[in-house]
Amino acid sequence: MKVKSFVIHLSSFIYSPMPTVLESLNQALHHALLTDERVYLLGEDILDPYGGAFKVTRGLSAKFPERVLTTPISEAAIVGVASGMALRSLRPVVEIMFGDFVTLIADQLVNHATKFRWMYNDMVRVPLVVRTPMGGGRGYGPTHSQSLEKMFLGVPGLRVVAPNTLGDPGQLLANAIAEDDPVLFIEHKLLYTRPLLQASQGDLTDFEIQQCGETYPTYVLRISNLESSNLTLATYGYNFELVCQAALELLMEREIFCEIVLFSQLSPFDIAPLLDSLRRTRRLLTVEEGGLTLGWGAEILARLAESGIQANMRRVAALDLPIANSRPLEDAILPSVEKIVDAALALHGT
Amino acid sequence: MKVKSFVIHLSSFIYSPMPTVLESLNQALHHALLTDERVYLLGEDILDPYGGAFKVTRGLSAKFPERVLTTPISEAAIVGVASGMALRSLRPVVEIMFGDFVTLIADQLVNHATKFRWMYNDMVRVPLVVRTPMGGGRGYGPTHSQSLEKMFLGVPGLRVVAPNTLGDPGQLLANAIAEDDPVLFIEHKLLYTRPLLQASQGDLTDFEIQQCGETYPTYVLRISNLESSNLTLATYGYNFELVCQAALELLMEREIFCEIVLFSQLSPFDIAPLLDSLRRTRRLLTVEEGGLTLGWGAEILARLAESGIQANMRRVAALDLPIANSRPLEDAILPSVEKIVDAALALHGT
Amino acid sequence: MTDNFALYRIMLLIRRFEERLLAEFSTGKLVGTTHAYIGQEANAAGIFSVTDAQDVIFSNHRCHGHFLAYGASSPQGSDPYRLAAELMGKATGLVGGRGGSQHIHWRNFYSNGIQGGILPVATGMALAEKVKKSGQIALAFLGDGTLGEGVLYESLNIASLWNLPILFVVENNRYAQTTPIELAVSGTIAGRFTAFGIPTLERDTSDVLEIQAAALEAVGSVRRNGRPFGLILHTNRFSAHSKGDDTRSAAEIARIREKDPLLIHAPRLTDAERARAESEIAAIIEDAFAQATADPFPKMKDER
Amino acid sequence: MTDNFALYRIMLLIRRFEERLLAEFSTGKLVGTTHAYIGQEANAAGIFSVTDAQDVIFSNHRCHGHFLAYGASSPQGSDPYRLAAELMGKATGLVGGRGGSQHIHWRNFYSNGIQGGILPVATGMALAEKVKKSGQIALAFLGDGTLGEGVLYESLNIASLWNLPILFVVENNRYAQTTPIELAVSGTIAGRFTAFGIPTLERDTSDVLEIQAAALEAVGSVRRNGRPFGLILHTNRFSAHSKGDDTRSAAEIARIREKDPLLIHAPRLTDAERARAESEIAAIIEDAFAQATADPFPKMKDER
Ligand SMILES: Cc1ncc(C[n+]2csc(CCOP(=O)(O)OP(=O)(O)O)c2C)c(N)n1
Ligand SMILES: Cc1ncc(C[n+]2csc(CCOP(=O)(O)OP(=O)(O)O)c2C)c(N)n1
Ligand SMILES: [Mg+2]
Ligand SMILES: [Mg+2]
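These numbers come from a predicted model, not from an experiment. (Residues numbered from 1 in each chain as written. Chains lettered and ligands numbered in written order. Predicted model: local features only at pLDDT ≥ 70, side-chain atom pairs only at ≥ 80, totals over all residues. Heavy atoms only, no water.)

**Some thoughts on helix α7 (residues 272–281) of chain A**
Side chains of residues three or four places apart in an α-helix project in the same direction, reflecting 3.6 residues per turn. All names here are of chain A. Of all the residues in α7, the buried ones are P273, L274, L275, S277, L278 and T281. Looking at the buried side of α7, the elements it contacts are β8 (206–212), β9 (218–223), β10 (231–236), β11 (258–263), β13 (283–291) and α8 (296–307). Just beyond α7, the residue with positive phi is R282, at close to 65°. (Buried < 20%, exposed > 50% of the residue type's maximum accessible area, 1.4 Å probe, protein only. Helix = DSSP H or I, 4+ residues; strand = E, 2+ residues; numbered from the N terminus. Contact = heavy atoms within 4.5 Å.)

**Things to note about the domain arrangement of chain A**
All names here are of chain A. Structurally, chain A comprises domain 1 (3–15 + 201–348) and domain 2 (21–191). Look at where the C-alpha atoms of domain 1 and domain 2 centre, and you get two points 26 Å apart. At the interface, 37 residues of domain 1 touch 33 residues of domain 2. Carbon and sulfur atoms make up 59% of the area that domain 1 and domain 2 hide from each other, which totals about 2500 Å². For the pair domain 1 and domain 2, the interface holds zero salt bridges. For the pair domain 1 and domain 2, the number of links is 14 residue pairs in polar contact (both at pLDDT 80 or more). (Domains from an automatic or database assignment. Buried area = accessible area lost by both parts, 1.4 Å probe. Salt bridge = Lys/Arg side-chain N within 4 Å of Asp/Glu carboxyl O. Polar contact = N/O pair within 3.5 Å; in protein donor to acceptor, adjacent residues only side chain to side chain.)

**What about the site of ligand 2?**
Neighbouring ligand 2 are 22 residues; E75(B), H61(D), R62(D), G145(D) and T146(D) lie closest to it. Around ligand 2, the neighbouring residues derive from chains B and D rather than from a single chain. Coverage of ligand 2 by the protein chains reaches 98% of its 580 Å² of free accessible surface. For the shell around ligand 2, the per-class residue count stands at seven nonpolar, 10 polar and five charged. (Near = heavy atom within 4 Å. Areas by Shrake-Rupley, 256 points an atom, 1.4 Å probe, with all protein chains shown as cover. Nonpolar A, V, L, I, M, F, W, Y, C, P; charged D, E, K, R; others polar.)

**Overview of the interface of chain B and chain A**
Between chain B and chain A, the residue contacts involve 41 residues of the former and 41 residues of the latter. Where chain B abuts chain A, roughly 3800 Å² becomes buried across the two surfaces, and 65% of that area is made up of carbon and sulfur atoms. If you sort the residues of chain B by the area they bury against chain A, W118(B), L294(B) and E306(B) come out on top, with a joint share of 19%. For the pair chain B and chain A, the number of links is four salt bridges. One salt bridge in this structure joins E299(A) and R315(B), with 2.9 Å as the shortest N-O distance. In this structure, the connection of chain B to chain A is made through 20 residue pairs in polar contact (both at pLDDT 80 or more). Residue assignment for the side of chain B that touches chain A shows that the elements contributing at least two residues are α4 (106–119), α8 (296–307) and β14 (312–318) of chain B. Its residues placed into classes, the side of chain B that touches chain A shows 23 nonpolar, eight polar and 10 charged.

**Some words on the sheet that holds strand β12 (residues 265–267) of chain B**
The strands making up a sheet associate through backbone hydrogen bonding, with each pair oriented either parallel or antiparallel. Residues and elements named next belong to chain B. The seven strands lie next to each other as β3-β2-β4-β5-β7-β6-β12, forming an open sheet whose pairing is mixed. At either margin of the open sheet sits one strand with a lone partner, and together these are β3 (68–70) and β12. Across this sheet, the average inter-strand angle for adjacent strands is 25°, counted without regard to direction. The pairing of strand β6 (residues 159–161) with strand β7 (residues 183–188) spans three bridges and is parallel. Bridge pairing in β7 links R159 to V183. Contacts between helix α1 (residues 21–35) and the sheet are confined to β2 (39–43), β3, β4 (91–95), β5 (129–134) and β7, with β2 contributing the most and set at about 130° to the helix. (Pairing = 2+ DSSP bridges. Axes fitted to C-alpha atoms, helices over the stretch in contact; angles between N-to-C directions.)

**Describing the site of ligand 1**
In the region of ligand 1, 22 residues are neighbours, and E75(A), H61(C), R62(C), G145(C) and T146(C) sit closest. Looking at the residues close to ligand 1, they fall on chains A and C. Out of a free accessible area of 580 Å², ligand 1 has 98% covered by protein chains. Of the residues belonging to the shell around ligand 1, the class tally is seven nonpolar, 10 polar and five charged.

**Re the coordination of the magnesium ion (ligand 4)**
Four donors placed tetrahedrally about a metal ideally form angles of 109.5 degrees, and six donors placed octahedrally ideally form angles of 90 or 180 degrees. Residues and elements named next belong to chain D. Protein coordination of the magnesium ion (ligand 4) is provided by D144 (OD), N173 (OD1) and Y175 (O), with donor distances spanning 2.0 to 2.1 Å. The motif formed by the donor residues of the magnesium ion (ligand 4), counted along the single chain, is D-x28-N-x1-Y. In this structure, N173 and Y175 share a single accessibility class: buried. (Donors = N, O, S within 2.8 Å, 3.2 Å for Na, K, Ca; no water.)

**Observations concerning the coordination of the magnesium ion (ligand 3)**
With distances of 2.0 to 2.1 Å, the protein atoms coordinating the magnesium ion (ligand 3) are D144(C) (OD), N173(C) (OD1) and Y175(C) (O). One chain supplies every donor to the magnesium ion (ligand 3), and in sequence these donors are spaced D-x28-N-x1-Y.

**What to know about the pattern of salt bridges**
On inspection of all chains with the given rule, the structure shows 68 salt bridges over all chains. Among the ionic pairs, E259(A) bridges to R280(A), the shortest N-O distance being 2.7 Å. Here E259(A) is found in strand β11, whereas its partner R280(A) is found in helix α7, with 21 residues between them in sequence. You can call E259(A) buried: its relative accessible area is 0%. Judged by relative accessible area, which is 33%, R280(A) ranks as partly exposed. R280(A) is paired through a salt bridge with D276(A); the nearest N and O atoms lie 3.9 Å apart. Of this pair, R280(A) and D276(A) both sit in helix α7, four residues apart, which is roughly one turn of that helix. Residue classification places D276(A) among the partly exposed positions, given a relative accessible area of 36%. When salt bridges with common partners are traced through the structure, they connect R117(A), D122(A), R125(A), D181(A) and R98(D) into a single cluster.

As structure tokens, this is what we get:
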């Protein structure tokens, strides 16, 4: 695995001149449509001037009216249609308006799109991307706030990818579109407005960053001027932001030195960079927004347990409950900086 | 938790005068329909004389023609209809003909049936049971052989239960039907023809059995005349049979003394009895037929890792691939006695 | 309830409630999402004027109007205050703040935010009423866009095969979010029902009396025949789909606003009646929102 | 391919292949499941006599007949031996033994065992052919029982809205497994298409020439108009649904067996032609199964 290093300043979360995640994704779609005429977009309400419920497809239908297809409210069929297109060598990108509706495409993903290649003895490929926004924090209530990606982690033949503000979301999406096999691309709603982080340099809270892998990188962040860290925080997507804030708080107020391992690819699992970090810290907290039970962190902990590494491990995740509409309840259900810090302290106590 | 003890002789797997799992389940449905007029059955091809693809509903429509409803091929709607019935105080039991089709009911389970109670502030209950046969070994190919229950473990508000030959499958089903909240009831195809095990007594390979819990018991099996065991095998459903055979082989040929922890309830997770066993053995192998990644065993290992117990742990599960039709490929993909023994030996080596 | 004043009052309640709600959102006092029923009030008012208090209702994302009209005939009514509290995420809300705008439940009224998914559930409810011989029927609401979801057709098939007493109400406001019906619905709406042997009645009107008459016929047919029925109401949504997301032209909006159910029905009332309705409703809304605002937020309970 | 001999020969190939297969199953030489096409041969033979070799086909669980008829016109045909090998789980099978009876792929022919799920996929294939301007169409097969799956209607809607060149072939053998059509399909089959603005052609016949004529019209309409079309063929399944699961009465089976497509078409051939067909087919089947039997089983490859 190729490893690159650079440095990032954590305050770049605010006042950044960088493009937002939304802009980055949108640009990537522009570029994909422009450079590859096999690329098609399908989804509900994706036409201009609306440009999709979260505006990721804005400006695309105006430029590529023939290849941006707004659909009826038919999640299962849209994914089925796209997988038929993919089988016949187009490169469809589907938007599912809310990630909560992936339950409606489960059969098309599990028993069709992802099965075809292996079941047909590797004689076909299905270059299909399904993009969808997940996550809460916007008061959308129990059917519009979930993080259901965990249901699809481990599905044979499916790659699951999630952008974050450290990597290049657009490049990640471009790589997914270039893939010959199905990719489920998980975008947290709260990410859209966030500017990409910018490498910079210069003070105590700088992180030195190792990038492991090229296409769907895993990032290992270590505070640069510290010798030894004693806690690893593993996460993906939007929760990276919470994790960074927790890491700062732990550093400033508790003198707990964290490494952060940030994944872009959720499935298949590759925990090598994490294992590496854990050899240094011997303490792990996984942080994700989906429900705890059989969430992403479960597989991480299981693999680490199997690896035989001696480490204290805990998971921070949503309670195994629907996501309530009311703010105080939603807050109580979802992970937060505070919960991460508390879990870290508890873990540290052990 | 109530703990009961009894003894079982492992050779009871063969030549048993006991009823089969199929008979036990069928009797339970008879009894449920007879004793509770709120109970309804819904499913494809469940009418007599056919009585369902695996005959679990045989004889029921003849006796209860008004309450055994054969349906069109509409998995999503069947579950939706049943959950509407349940909301209005009936007690529907749905059969999904093959477990592979649970992908089609994901939305009805995740965004409807299991959400209603909590989302409606505990003002409603949804006493719905969805039964379905999972598993391979019958050469049915990639869309009729999967064990997809893992997709639903951890879904808030959903109980997932799986019968086995040691417990009483019919009683388990009756308990599920008596439940006021949704239950997904996973029946492995290969279980149907198996006779229930019979408590007996008398030789080296006898297992002493502790039953933990009443409604959905977890069983802890220990070879009775041995002081200390040094490997725990945790499993559920049909794979209990493989695990017993592996345990015998390990005992006879390798002098590895196993405890078996057999779960009836897969979700929510309660690992207390397992933790107990593991304190004695310090080595764990989970065995399940679904794909490895984020399978049932992942959550088991994650919880154990979080518990801080020092133990060597591994998982035996299917490869993360579709289930091939061809026998040698199917065998290579699914768990087997041999794979369990090999994993146990490898674990023992560590 | 065929009284012109009562019909007007219900429509006005819905109108003013939704206006207030949109105002609260635009000043940032409310967060999340909401789907205003403004323009479609005659549907709910007309339909719930001919249903029984014990009939079972499954509504969709655009449920406020349905809820406010539901039970309007019964002495306790359906309480705008409890709805307002729910939308504010208060402990006193219809479902204690857990559900919010799209996910409410009160007596025999239910709603959920997944398009289409509610339809088999409502069908199962109709089955329950049938076997319990309650004499009640089920009503399920869907928009034109929801005709895209396959599970609707699974439900129509089952409802027809099993002779279930359910009324499917299609509110065709010609848009699904921003998607015009031409891009989303092929063939005909009525054809989607007749394909399954389900009769329909179609009305293109915002006159609550015409809708009431059609609803009476539709509800009567379901109750009498114990069979499903499709009531197709062509209607107009005046506001944006949810909040700021309107892509329609000003001209189009102006055109549909001419079919305002309140204006159409108003001449049937005296000036005094209209003034009374306005002041009563204003007070109800003010009370509802004031009380809801003052209410506490819920706390997490210990979970099973 | 309008030649009577060729049509007969294809139907006979299907018949004898399936008979052999059922025999292999009943002697335990084959395991798993299979769905015989016996009785329905005229549908596949008629349809594939008027399609192009490059058209794209998505078939269902009852796919052997479709596969054997597919490509029958092309020089290399579709090879019964490769199909037999697949059913035996051999490495030389169509998909190397991975798929088995319901999950095959060869050239532009695909099948899958999930009822209904293949229909949007086929619709997407039609879209691909359309935008590639290949001039090819897609054909998707479904049974009467599969009219129960909602995703069919989502597909019909999209195919109609987007003017996609796809022919939906409904083979109505009046049973889904053991469920008679009366318990599973309300309304009419044609109505399910017209609801979405899709024209249909309906035939109740086992005469391959009538089916060929209907298929010619249907395929022609799709190719000419670049729009979906529904071809509804009322037909008869002579064997059990899969293997031993027949719940129909002997009288009913006897009655439908009178509509044997082979017997109907046979008089159009000379005795010599029929004898030649029998002996050619017997040899082909014997070779196919012998060769397949001798073939090795697949080995696991290293996986990605
Ligand atoms: C399964 C599902 N898909 C998509 C959505 C997002 N969504 C909410 S409302 C809506 C449009 C519904 O249109 P229509 O049925 O016409 O009802 P209207 O809003 O016009 O009342 C969409 C796409 C959803 N809630 N559920
Ligand atoms: C989604 C799904 N549900 C159920 C089944 C099980 N099943 C296989 S074939 C069949 C009957 C299909 O009937 P029909 O569509 O009429 O086709 P036929 O078998 O008569 O050719 C059923 C229920 C399936 N394969 N897929
Ligand atoms: Mg609409
Ligand atoms: Mg049929």
